[in-house]
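Notes for the structure review
Residue-level listing of the chains:
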Amino acid sequence: MYTPRRFAGVIAGVMAAGLALTACSGNGGSPTESASGTASGSMGTATEVEVFTWWTSGGEKAGLDGLVSVLADKYPNVTFVNGAVAGGAGSAAKDLLQSRLQANDPPDTFQAHAGAELDDYIAAGQVQDISDLYTEFGLTDVFPADLLSLLTVDGAIYSVPANIHRANVVWANPSVLEAAGLDSTATYATMSDWFTALDAVQASGQTALSIATTWTQVQLLETVLISDLGADGYIGLWDGTTDWTGSDVTAALEDFQKLMSYTNTDRDGLDWPDALQMVVDGTAGFNVMGDWAAGELDTQSLTAGTDYIYFPVPGTSGIFDFLSDSFTLPVGAPHPDGAKAWLDVVGSLEGQTAFNIAKGSIPARTDADPSLFNAYQQSAIKDFASDTIVPSLAHGAAAPIAQLNAISDATSKFTSGGSDLATFQTELAASAG
Ligand code: BGC
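Residues numbered from 1 in each chain as written. Predicted model: local features only at pLDDT ≥ 70, side-chain atom pairs only at ≥ 80, totals over all residues. Heavy atoms only, no water.

If you look the chain up in an unreviewed UniProt entry, it shows as ABC transporter substrate-binding protein from Demequina capsici.

Listed below in structure tokens is the structure:
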């Protein structure tokens with residue numbers, strides 16, 4: 001399903017620190033997971049597990065509930081303790097998690113993005129090597145080798161991936177587009193084609209592009225960088241081969257600035273579901289959001305094609321801006337057996353199916369049945385198999401937490417009028433440290 005070449009950029013981008021690259025073959029072998037319904041090993045005596053995420057409502061909570069129901073089936077004696085902290089993309093959760101880890105008060109397991117973000121936790125010695133669980137649960141061959149290499153350092157593996165999300169998706173309301181005189185089946189090859197459509201929606205009196213608080217603006221920025229620099233140019237920002245001060249980056253930042261001019265001014269007080277809801281309610285034409293939006297739209301029983309449409313961010317067709325939620329075993333977890341039970345569920349076919357159907361993402365496992373998933377997800381499964389994969393900035397795959405924080409601060413300053421474009425570009429360039 002995955003080829004080393006397609007993932008090579010992700011790995012080059014986030015593995016510059018010399019992380020081990022596992023053999024890139026042998027995917028999709030027959031699953032060998034432990035028998036469902038059987039609590040194996042030490043998990044038989046597990047009593048509880050505190051699971052730390054930022055999935056508190058809508059499709060995100062529905063996804064978490066899917067995992068919890070499989071936990072209840074498979075480990076009826078394990079009490080699920082919900083440690084979730086609200087705020088999209090972990091905007092509040094990640095800081096709180098850091099304080100807890102530093103105070104030696106870790107949850108039993110926490111959500112961490114595959115790639116550079118996970119590397120931070122590994123480098124800080126905050127998560128345990130769980131390679132032996134891969135053997136115990138029969139997980140070694142059920143995930144793409146390239147994805148596993150993002151979870152691995154020096155041959156040790158530190159988390160179990162729950163899913164694959166795509167960040168470069170536009171969600172749009174066909175009625176709003178038609179009322180603006182646009183063809184609702186149209187897609188846009190470039191940013192400048194899209195600007196024409198955004199002008200039309202704006203002229204119709206609706207918000208052309210809805211957006212929310214800083215992290216959603218950073219996510220928009222990353223998609224513009226992908227669109228304008230191409231996959232290789234974008235990956236080069238993370239492995240040092242693209243110059244942040246170059247004129248091609250300036251042009252991308254100009255496009256970002258123009259896109260922001262189409263957005264709602266109350267953005268900084270909103271989170272992603274609010275901005276998506278503007279599209280659902282018909283007060284906005286377009287929204288750029290990761291495909292957790294698909295899970296959210298499902299909870300409202302909306303139908304793709306009639307109630308909403310989706311397409312890759314203009315100029316990014318054929319590119320899959322990737323991220324993966326994975327679960328860890330923190331050093332000092334108070335209930336390690338409960339955490340192992342959770343990790344067993346997360347990695348299992350039943351767990352990945354129940355979770356991803358609701359979450360909008362696609363399973364990380366290569367043996368899930370695509371027919372169980374909605375129209376959007378089936379398209380994502382196909383695209384993931386053929387597109388060029390690049391790592392998401394806003395969702396921990398591309399850059400370490402400190403660099404993402406620096407980029408987020410610079411972005412917020414720029415979009416709230418506190419800096420001009422040249423300063424913004426200088427601050428982005430400085431973010432790499
Ligand atoms: C996570 C997703 C989540 C999204 C919005 C991302 O960082 O990976 O699971 O749905 O943030 O909260």
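Further notes follow.
Scanning the chain from N- to C-terminus turns up 17 helices and 14 strands. For the chain, the C-alpha radius of gyration of 21 Å lies close to 22 Å, the compact-globule estimate for 433 residues. Across the 433 residues of the chain, 58% fall into the buried class. A sequence separation of at least 24 residues applies to 81% of the contacts in the chain between residues at least 6 apart. For the chain, the exposed surface amounts to about 14700 Å²; the carbon and sulfur share of it is 51%. The averaged location of the 51 negative side-chain charges in the chain is 2 Å from the averaged location of its 14 positive side-chain charges. (Helix = DSSP H or I, 4+ residues; strand = E, 2+ residues; numbered from the N terminus. Rg over C-alpha atoms; globule rule 2.2 N^0.38 Å. Buried < 20%, exposed > 50% of the residue type's maximum accessible area, 1.4 Å probe, protein only. Contact = heavy atoms within 4.5 Å. Areas by Shrake-Rupley, 256 points an atom, 1.4 Å probe, with all protein chains shown as cover. Lys, Arg positive; Asp, Glu negative; His and termini not counted. Charge placed at Lys NZ, Arg CZ, Asp CG, Glu CD.)

Around the ligand sit 13 residues in total, of which E60, H113, D325, K359 and H395 are the nearest. In this structure, H113 approaches the ligand through a side-chain N or O atom, which is 2.7 Å from an oxygen atom. At a separation of 2.7 Å, an oxygen atom of the ligand approaches a polar side-chain atom of H395. When isolated, the ligand has an accessible area of 310 Å², and the protein chains bury 100% of it. (Near = heavy atom within 4 Å. Polar contact = N/O pair within 3.5 Å; in protein donor to acceptor, adjacent residues only side chain to side chain.)

The strand order across the open sheet built from three strands is β7-β12-β14, with neighbouring strands paired in mixed fashion. Looking at the sheet topology across the chains shown, the edges are occupied by β7 (165-166) and β14 (388-391). Examined bridge by bridge, β7 and strand β12 (residues 319-323) share two bridges and lie antiparallel to one another. If you follow R166 over to β12, its bridge partner there is F322. Lying on the sheet, helix α15 (residues 375-386) is in contact with β7, β12 and β14; it crosses β12 at an angle near 105°. (Pairing = 2+ DSSP bridges. Axes fitted to C-alpha atoms, helices over the stretch in contact; angles between N-to-C directions.)

Another point: the nonpolar core. Y134, W171, F322 and W342 are the most contacted members of the largest nonpolar core, which totals 78 residues. Sort the elements by how many residues they give to this core and helix α13 (residues 336-347) lands first, with six residues. Counting 54 residues, the second largest nonpolar core, distinct from the first, contains L220, V224, A231 and F256. (Core = buried A, V, L, I, M, F, W, Y, C linked by side-chain atoms within 4.5 Å.)

Bringing the packing of helix α9 (residues 214-239) against helix α10 (residues 247-260) into the picture now. Axis separation between α9 and α10 bottoms out at 9 Å; the angle between their running directions is 155°. As judged from the angle between their axes, α9 and α10 are roughly antiparallel. Taken as a pair, α9 and α10 cross one another with a handedness that is right-handed. Mapping the contact onto sequence places Q217, L220, L221, V224, L225, D228, L229 and L237 in α9 and D248, V249, A251, A252, L253, D255, F256, L259 and M260 in α10. Considering only residue class, the contact of α9 with α10 consists of 13 nonpolar, one polar and three charged. (Parallel < 35°, antiparallel > 145°, perpendicular 65-115°, else oblique. Left-handed = near helix turned anticlockwise from the far one by under 90°. Nonpolar A, V, L, I, M, F, W, Y, C, P; charged D, E, K, R; others polar.)

Taken in spatial order, the four strands make up an open sheet running β9-β10-β8-β11, and their pairing is mixed. The open sheet is flanked by β9 (207-210) and β11 (309-312), the only strands paired with a single partner. Here the average twist between neighbouring strands, direction ignored, is 20°.

Now for the pattern of salt bridges. If you walk through the whole model with that rule in mind, you get nine salt bridges. Taking the shortest distance from any N to any O, the salt bridge between R100 and E50 comes out at 2.9 Å. Placement of R100 in helix α3 (residues 93-102) and of E50 in strand β1 (residues 48-52) is noted, with a sequence separation of 50 residues between them. E117 is the partner of K94 in a salt bridge, and the nearest nitrogen-oxygen pair spans 3.1 Å. In this pair, K94 is assigned in helix α3 and E117 in helix α4 (residues 116-123), connecting sequence segments 23 residues apart. No difference in accessibility class separates K94 from E117, as the two residues are buried. Residues joined in a network through salt bridges with shared partners are E50, R100 and D105. (Salt bridge = Lys/Arg side-chain N within 4 Å of Asp/Glu carboxyl O.)

We now examine helix α16 (residues 401-415). Compared with an ideal rise of 1.5 Å per residue, which puts 15 residues at 21 Å, α16 spans 21 Å between its outermost C-alpha atoms and is within 8% of the ideal. Of the residues making up α16, those classed as buried are Q403, L404, I407, S408, A410, T411, F414 and T415. The buried residues of α16 occupy one face: seen down the axis, they fall within an arc of 165°. Away from its buried face by more than 90 degrees, α16 exposes A402 and D409. Tucked into the core, α16 has its buried residues touching α3, α9, α10 and α17 (421-430). Just past α16, the residue G417 takes up positive phi, approximately 85°. (Expected span 1.5 Å × (residues − 1). Arc of directions from axis to C-beta.)

Take the environment of P336 next. As for its position among the elements, P336 is in helix α13. A residue is classified by how much of its surface remains accessible, and P336, at 31% relative accessible area, is partly exposed. Between the alpha carbons of P336 and E48 there is a distance of 9.2 Å; along the sequence they are 288 residues apart.

Two elements in contact, α10 and α16, have axes separated by 11 Å at closest approach and are oriented at 55°. With respect to α16, the axis of α10 lies oblique. Helix-helix and strand crossings are classified by hand; for α10 and α16 the assignment is right-handed. Taken together, the residues of α16 that come into contact with α10 (itself represented by F256, Q257 and M260) are T411, F414 and T415.

The description of two aromatic rings rests on the distance between their centres and on the angle between their planes. In the structure shown here, the tally under the stated rule is 24 aromatic pairs. Aromatic side chains W55 and F355 sit 5.2 Å apart centroid to centroid with 35° between the ring planes, which places their arrangement in the tilted category. Linking W55 in the loop between β1 and α2 (58-74) with F355 in helix α14 (residues 349-359), this pair joins segments that are 300 residues apart in sequence. Residue W55 is classed as buried on the basis of its relative accessible area of 1%. Residue F355 is classed as buried on the basis of its relative accessible area, which comes to 0%. (Phe/Tyr/Trp six-rings, centres within 6.5 Å; stacked < 30°, edge-to-face > 60°.)

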